[in-house]
Amino acid sequence: PYTVDVFYRHGLAGGLLIYYPITEWFGIQQEFLYVQKGSIEDIALKDRSINTHTEYDLNYFEIPVLLRYTFVRLGKINIYGSSGFALSILLNGEYRLNGIVEENGNPILFSDTKNVDDLDIFDYSFLYGAGVETEIFGKQCFFEYRFTIGWNILMMPTAEGEDPASLRNQDYIFTLGFYL
């Protein structure tokens, strides 16, 4: 009865990582990150003139543990892959809903903003990615791409009196960093 267009929230992620090499090619990586997650949903009811625009903004403290394997070494350049699990703890979040209803040709605007205090505080995720390490100006640096998808379904609030939307956290992170 409705169409849904989903867009990603553009946000920031940052933090610290600790890499424990087990062999020259393999190691374990522990991270402590601040991550912004969320989405934008545009929903239109097909049989009625109702359109909504909803933005979900969520902020997490995320603790990933990754297994990392270097599979290519070319001089000072290392290319690696990683995968693992993460526990995310919800710090805060809110949703903003704006909509329009056309009643007899007259547009009626409505909006709602609310904190997501009743949302699950823990989100568990699987993640994988790849990266490149090299030395720049005498410092070991890295660039990494990562995809994270949540295991549990979050029941996100919608308009007052309506059923919540079942959504799953996922994000793409591009990281640029250096080792201390």
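Residues numbered from 1 in each chain as written. Predicted model: local features only at pLDDT ≥ 70, side-chain atom pairs only at ≥ 80, totals over all residues. Heavy atoms only, no water.

**Details of the nonpolar core**
Next, step 1: Tyr56, Leu58, Tyr60, Leu90, Tyr95, Leu97, Val116, Leu119, Leu154 and Met156 form the largest nonpolar core, which has ten residues in total.
Next, step 2: Looking at this core, the elements that each hand over two or more residues are strand E4 (50-74), strand E5 (77-103) and strand E9 (154-156).
Next, step 3: Ignoring anything within four residues of it in the chain, the contact list for leucine 119 reads Leu58, Leu90, Leu154, Met155 and Met156. (Core = buried A, V, L, I, M, F, W, Y, C linked by side-chain atoms within 4.5 Å. Buried < 20%, exposed > 50% of the residue type's maximum accessible area, 1.4 Å probe, protein only. Helix = DSSP H or I, 4+ residues; strand = E, 2+ residues; numbered from the N terminus. Contact = heavy atoms within 4.5 Å.)

**Notes on the confidence of the model for the protein chain**
Next, step 1: In this model, the protein chain carries a mean pLDDT of 90, and residues with pLDDT of at least 70 account for 98%.
Next, step 2: Here strand E10 (residues 165-167) is the element of the protein chain with the lowest mean pLDDT, 79, and strand E7 (residues 122-136) is the one with the highest, 95. (pLDDT = per-residue confidence, 0-100.)

**Things to note about a nonpolar patch on the surface**
Next, step 1: Among the surface-exposed residues, Phe85, Ile121, Phe122, Tyr124, Phe126, Tyr128 and Trp151 lie close enough to one another that they form a single nonpolar patch of about 700 Å² accessible area.
Next, step 2: Per element, the largest residue contribution to the nonpolar patch is four residues, and it comes from E7.
Next, step 3: With respect to the secondary-structure elements, phenylalanine 85 resides in strand E5.
Next, step 4: Taking the relative accessible area as the measure of exposure, phenylalanine 85 reaches 48% and is therefore partly exposed. (Patch = residues over 30% accessible without salt bridge, like charges linked within 9 Å, V, L, I, M, F, W, Y side chains within 5 Å. Areas by Shrake-Rupley, 256 points an atom, 1.4 Å probe, with all protein chains shown as cover. Salt bridge = Lys/Arg side-chain N within 4 Å of Asp/Glu carboxyl O.)

**Focus on the pairing of E4**
Next, step 1: Pairing geometry for strand E3 (residues 26-45) and E4, over 17 bridges, is antiparallel. Each residue of the ladder has a partner; that of isoleucine 43, found in E4, is threonine 52.
Next, step 2: Here E3 folds back onto E4 in antiparallel fashion, the turn holding four residues.
Next, step 3: Linking E4 to E5, which pair antiparallel, is a turn of two residues; within it glycine 75 sits at a positive phi near 65°. (Pairing = 2+ DSSP bridges.)

**Remarks on the layout of surface pockets**
Any space left empty among the atoms is revealed by the rolling of a water-sized probe across them.
Next, step 1: In this structure, the largest pocket spans a volume of roughly 790 Å³.
Next, step 2: In this structure, the largest pocket is lined by 31 residues; those nearest its centre are Ala13, Gly14, Ile173, Phe174 and Thr175.
Next, step 3: For the lining of the largest pocket, the secondary-structure elements that each account for two or more residues are strand E2 (13-21), E3, strand E8 (139-150) and strand E11 (170-178).
Next, step 4: It is E11 that provides the largest number of residues to the lining of the largest pocket, a total of nine residues.
Next, step 5: Considered class by class, the residues forming the lining of the largest pocket number 15 nonpolar, ten polar and six charged. (1 Å grid on protein atoms, 1.4 Å probe; cavity = no way out; pocket = protein on both sides within 12 Å on 5 of 7 lines; lining within 4 Å. Points joined across faces, edges and corners; volume = space filled by probe spheres on them. Nonpolar A, V, L, I, M, F, W, Y, C, P; charged D, E, K, R; others polar.)

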